[in-house]
Amino acid sequence: MNRKIDLISKNRENTPFYDFKDIKKLCKDPNNEYFGKCVPYNELENYETNCIPIAHFYDDNNKLQVVFSRDPSHALGIGCTGAGKTTSLVIPKVNILSSLKNKPSFIIIDVKGELHDKLSGHLKEKGYNIKVIDLDEPEYSASWNPLLSIYDKYIEAHEIVKKVVEHTDSISDYPNLSKFAYKGKPSVWYEFDDVAYSDLTNLNKAISHKKEKLIADVSEEIRDLSYMFIVTQNLDDPHWDDTARDLFAGVIFAMLERTILEDGKCLTRNQFNLRNIVNAILASREDDLKRFINNSDRRGEAYRFATRIVNMEAEKTKSCYFGVLSTQLSPFKSYAIQKVTIKNTINFDRITDEPEAVFIKMDDLKESNYKLAQLIILRLYQQIKNIAKKMPGRTLTKPVHFILDEFGNFPKFNEFAKMISVSRSYNIWYTMIVQSYSQLKMIYGEGVSNVIIENSNMRLFFGTNDFYTMKSFSEACGKKAKISEVAYLNGNSSNLSACPIEEFPTVPVSDLSKIDTSEVYITCFRMPVLHSRMERYYLVKEFEPLPPVEYRVIDNIEIGTKEYTFDIGEDDNIFSGKKQFPSKYVPNKKKEADITKKMLAYFEELLIIKKPGKNAIRSFIEVSRTILPMYILDYLSNVNERNIYMDYRELSKNNLITKTTFYKTLNKEIVTAFLENEIESLDVNKESFMDDLRKRFDEVIFNSMNYAVAIFPQEFSENLKFIRDDFDTNTLDYLKEFILK
């Protein structure tokens, strides 16, 4: 008999299943192979994990215990209205994870406004920075322009040469720089993108490669945007939507091209916003849009994407393309969307360094709100992913959780299947809330919805009336096998004479249809099927909400002002006015490698070759006033890691620093002109900065002047000593007063 039962367990499906009592018992065993650690809630601040809670309950001593999963995973919460998805899963989950030692960051879709009210006070108490994008009350909302990363990459690509730092010091002083084809000990070497180069050929190849990559990234991001704004309505005939996307992308590229026109004509960073792009298409006269595209660079992407459409002679066909685009973009004409995307008042750059919680509050009845939330999620995902790629192991040191409440009501995320498939490696996690599998299937189709479900390694069932969902979830829970009740004994009543085997669902559909409040069935990769409990937050005193954080600040910005508006009807820029951006790095020939040698050469020319006299002293003063500013610029360039010396020459050429030219600049003017702009951006201690600068002056300026005094006729020595002392009081003390004020 036992042999036959063993045979059943080995050769038949027999999915392990644990109910709540088993979970409470097993989670206390540190050697259990099914769950992560069970941690008292009041000790979470000392516990660090990337896993997520699978149960929370009060033990026999009335202490709240939290059981974590064995592995981190994406989570899919399934339940009809009122089943407890928000009250049992979302609010407790954010509360628990934010109490951990490693404090992950959150991006939270808040459709009902409930999540901010219930969670922001707790998050603030735990040290989180709270940010709110409010589409219901945009006049009080923070704003974020999701297009600025495109603008910044495009400008960076065209100004890439400015990132080159020319060095005359030893590369051994820069142990963190990697080397590329670095040979010998060159007197001049170049730093670019955290790599050292000893020759211009390899440097300029790297510059070209980096520029091409940035432009390719810009193109990819614009194509992603076009798919988000223009959704394919008819899979059998996608031509109309595809062409509308080309026109949409073409307008964005045309806007970008206007950012690199000559000063005074270019589209500014503030003007590159969603409002201007939508208005260029929907609110402009057809002739204006046609001229705007045709005036673009004929070698550029705008001309390639859009010129065939705006110049089309078949008016009816062209009208159809514009009709498709107008229909899909019209929701983005809303004041709320344009207001919250007009500029940046919040910065997500440190979302992976400091605990951040971003709430996106929105009206669940407006489709445009969902689309904007999609846009924000996509752009944030791309930004966080790029940060992760630069980190050791290409992964974030702290997790970031996207809490997507009402995910089943979102329009289709074209890239979401790809995002959820690769996000795990970046330590980015999704918690998606849907009412049923049918809801997901209706939006994404069977194939993509299956990808989303399969990549949600943890699925939490809170109850639904949808039979398809209950049947699918029951099947995913597996089966158990048992000896049939019709098995019978042999005549000796000692062994089974016949042994029919029955298989039955581990979790029958009938059980799923009768699930009780706070109960949840969980399937998770490499874990048994669980029948767990997640108490609703209002029944747990530790989850009692604190007063919500007040975020409403009246922003008096007028979105229609010239600062934020670009009218394509006023655009008359043919690309003869385009700025010239160097594609290669060309060293400054006038800048000598050794400033000290250059100064001594000047002194020798003035003081030895020429006969001493009053004119020689005058020339000496003029040259010193030239070299000293050069040295200041050279030092600032090294500290700030960019060629401020060259920047100043360009400013001088353009007469942007008035009453000065480069070779006749007084010390005080050059110090004022540059320190006012540069000192605040120097990542150095100001006291140390001053001490270092004084030492360098001592080494170069004073030694050179002492050399001049030594070889100058005696009758001029006192005058030169006065000049030396004059520099000390009028320049160094001025510097100290300016920097330390």
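Scope of this entry: the structure provided in the associated data block. (Residues numbered from 1 in each chain as written. Predicted model: local features only at pLDDT ≥ 70, side-chain atom pairs only at ≥ 80, totals over all residues. Heavy atoms only, no water.)

Concerning the overall build of the protein chain
Convention followed: Starting at the N terminus, helices and strands are each numbered in turn, a helix being any DSSP run of H or I of at least four residues and a strand any DSSP run of E of at least two. Here's how the labels work: a residue is buried when its accessible area is under 20% of the maximum for its type, exposed when over 50%, partly exposed in between, all with a 1.4 Å probe on protein chains only. Any pair of residues with heavy atoms lying within 4.5 Å of one another is described as a contacting pair. To be clear on the numbers: accessible area is Shrake-Rupley with a 1.4 Å probe, and residue cover counts the displayed protein chains and nothing else.
Counting secondary structure elements, the protein chain contains 23 helices and 21 strands. Taken across its 741 residues, the protein chain has 52% of its residues classed as buried. Within the protein chain, contacts between residues at least 6 apart in sequence are counted, and of these 74% link residues at least 24 apart. Accessible surface, the protein chain: about 35500 Å² in total, of which carbon and sulfur atoms supply 48%.

Side note on the sheet that holds strand β15 (residues 458–463)
The test is simple: A pair of strands counts as paired when DSSP detects no fewer than two bridges linking them.
With respect to topology, 10 strands assemble into an open sheet ordered β1-β21-β20-β15-β5-β14-β13-β6-β12-β7, the strand pairing being mixed. Whereas interior strands pair on both sides, the edge strands pair on one side only; in this sheet they are β1 (17–18) and β7 (129–134). In this structure, strand β20 (residues 519–524) lies alongside strand β21 (residues 529–533), joined through four bridges in antiparallel fashion. Its bridge partner being in β21, Val-520 is matched across the sheet by Ser-532.

Side note on unusual backbone geometry
Most peptide bonds take the trans configuration, and most residues that are not glycine carry a negative phi. Despite not being glycine, Ala-181 shows a phi value in the positive range, around 45°. The residue Ala-181 is located in the loop between β9 (178–180) and β10 (189–192) in this model. Residue Glu-406 is not a glycine yet carries a positive backbone phi of 55°. Tracing the sequence through the fold places Glu-406 in the loop between β13 (400–404) and α14 (416–426).

Notes on the pattern of salt bridges
Note the cut-off: Throughout this description, the term salt bridge denotes a Lys or Arg side-chain nitrogen within 4 Å of a carboxyl oxygen of Asp or Glu.
As enumerated under the stated definition, the model contains 18 salt bridges in all. For Lys-131, the salt bridge identified is with Glu-356, shortest N-O distance 3.1 Å. Of this pair, Lys-131 sits in strand β7 while Glu-356 sits in strand β12 (residues 356–361), and the two are 225 residues apart along the sequence. Per residue, the accessibility class of Lys-131 equals that of Glu-356, and both read buried. Across the pair Arg-308 and Asp-246 runs a salt bridge whose closest N-O atoms are separated by 2.9 Å. Of the two residues, Arg-308 sits in helix α10 (residues 301–310) while Asp-246 sits in helix α7 (residues 239–257), which places them 62 residues apart along the sequence. Classification of Arg-308 by relative accessible area gives partly exposed; the value is 43%. Accessibility expressed as a relative area gives 14% for Asp-246, which makes it buried. One salt-bridge network, in which partners are shared between bridges, spans Lys-153, Glu-221 and Arg-379.

A look at helix α13 (residues 367–389)
This is how the line gets drawn: Take the number of residues in a helix, subtract one, and multiply by 1.5 Å to get its expected span.
Between its first and last C-alpha, α13 extends 33 Å over 23 residues, near the 33 Å set by a 1.5 Å rise per residue. In terms of residue burial, α13 counts as a mostly covered element, since 19 of its 23 residues are buried.

Examining the nonpolar core
Stated precisely, the cut-off is as follows: Only buried residues count toward a nonpolar core. Its members are Ala, Val, Leu, Ile, Met, Phe, Trp, Tyr and Cys residues joined through side-chain atoms within 4.5 Å.
If you look at the biggest cluster of nonpolar residues, it comprises 105 residues, and the most contacted ones within it are Phe-272, Phe-402, Phe-416 and Tyr-430. For this core, the leading source of residues is α13, giving 12 residues. Not counting the four nearest positions on each side in its chain, Tyr-430 is found in contact with His-74, Ala-75, Tyr-381, Phe-402, Leu-404, Phe-416, Met-419, Ile-420 and Ser-423. In terms of nonpolar packing, the next biggest core, distinct from the first, is built from 54 residues, Cys-51, Leu-115, Phe-359 and Leu-530 among them.

Details of the sheet that holds strand β2 (residues 38–40)
Quick note on the threshold: An axis is simply a line fitted to the C-alpha atoms; with a helix, the fit covers only the stretch in contact. Between two such axes, the angle follows the N-to-C directions and lies from 0 to 180 degrees.
Strand order in the open sheet made by the three strands is β2-β4-β3, with antiparallel pairing throughout. The open sheet has two edge strands with one neighbour each: β2 and β3 (53–58). Taking each pair of neighbouring strands and ignoring which way they run, the sheet shows an average axis angle of 25°. Here helix α3 (residues 85–98) sits on the sheet in contact with β3 and β4 (64–68), set at roughly 90° to β3.

Focus: helix α5 (residues 148–158)
Residues three or four positions apart in an α-helix share a direction because the helix packs 3.6 residues into each turn. With eight of 11 residues buried, α5 is to be regarded as a mostly interior element. Buried residues of α5: Leu-148, Ile-150, Tyr-151, Lys-153, Tyr-154, Ile-155, Ala-157 and His-158, and no others.

What about the side chain of Thr-469?
Which entries qualify depends on this criterion: Nitrogen and oxygen atoms within 3.5 Å of one another constitute a polar contact, given that in protein one can donate a hydrogen and the other can accept it, and given that sequence-neighbouring residues count only through two side-chain atoms.
With respect to the helices and strands, Thr-469 occurs in helix α16 (residues 467–476). Residue classification places Thr-469 among the buried positions, given a relative accessible area of 0%. Here the side chain of Thr-469 touches Tyr-437 through a polar contact of 2.9 Å, landing on its backbone nitrogen.

Notes on the packing of α7 against helix α11 (residues 315–329)
Put simply, the rule reads: Any angle between 65 and 115 degrees counts as roughly perpendicular, while under 35 counts as roughly parallel, over 145 as roughly antiparallel, and the rest as oblique. Residues were grouped as follows: Ala, Val, Leu, Ile, Met, Phe, Trp, Tyr, Cys and Pro as nonpolar; Asp, Glu, Lys and Arg as charged; and all remaining residues, including Gly, as polar.
Where α7 meets α11, the axes come as close as 9 Å, and the angle between the chain directions of the two elements is 75°. On the basis of their axis angle, the class for α7 and α11 is roughly perpendicular. Contact with α7, carried on its side by His-239, Trp-240, Asp-241, Thr-243, Ala-244, Leu-247 and Phe-248, involves Thr-317, Cys-320, Tyr-321, Phe-322, Val-324, Leu-325, Gln-328 and Leu-329 of α11 and no other residues of that element. Class assignment for the residues of the contact of α7 with α11 results in 10 nonpolar, four polar and one charged.

Digging into the environment of Phe-407
Summarising the element assignment, Phe-407 is placed in the loop between β13 and α14. Along the sequence, Phe-407 and Ile-433 sit 26 residues apart, while their C-alpha atoms lie 5.4 Å from each other. Apart from the residues within four sequence positions on either side, Phe-407 is in contact with Phe-413, Phe-416, Met-432, Ile-433, Val-434, Leu-440 and Tyr-444.

Concerning the packing of aromatic side chains
In this description, a pair of aromatic rings is defined by centroid distance and the angle of the planes. Applicable threshold: Side-chain rings of Phe, Tyr and Trp, where Trp is taken by its six-membered ring, are said to pair if the distance between their centres is within 6.5 Å; with planes under 30 degrees apart they count as stacked, over 60 as edge-to-face, and otherwise as tilted. Should the NZ of a Lys or the CZ of an Arg lie within 6 Å of a ring centre and within 35 degrees of the ring normal, that charge is described as sitting over the ring.
With the rule as written, the count across this model stands at 24 aromatic pairs. On the basis of an interplanar angle of 85° and a centroid distance of 5.3 Å, the ring pair of Phe-20 and Phe-57 is categorised as edge-to-face. Within this pair, whereas Phe-20 is found in helix α2 (residues 20–26), its partner Phe-57 is found in strand β3, the two being separated by 37 residues in sequence. The two residues Phe-20 and Phe-57 agree in class, both being buried. Ring geometry for Phe-461 versus Phe-473: centroids 5.1 Å apart, planes at 35°, classification tilted. Separated by 12 residues along the polypeptide, Phe-461 in strand β15 and Phe-473 in helix α16 bring together distant segments of the chain. Since its relative accessible area comes to 1%, Phe-473 is described here as buried. Among the aromatic residues, ring-to-ring pairing joins Tyr-370, Phe-402, Phe-407, Phe-410, Phe-413, Phe-416, Tyr-430 and Tyr-444 into one connected group. Of note, Lys-179 hangs over the ring of Tyr-182, and the distance from its end group to the ring centre comes to 5.4 Å.

Considerations on the pairing of β7
Consecutive side chains along a regular strand alternate between the two faces of the sheet. A large share of β7 lies buried, amounting to five of its six residues. Bridge count between β7 and β12: six bridges; the pairing is parallel. Among the inter-strand pairings, Asn-129 is bridged to a residue of β12, identified as Glu-356.

These results come straight from atomic positions and should not be treated as a statement about function.
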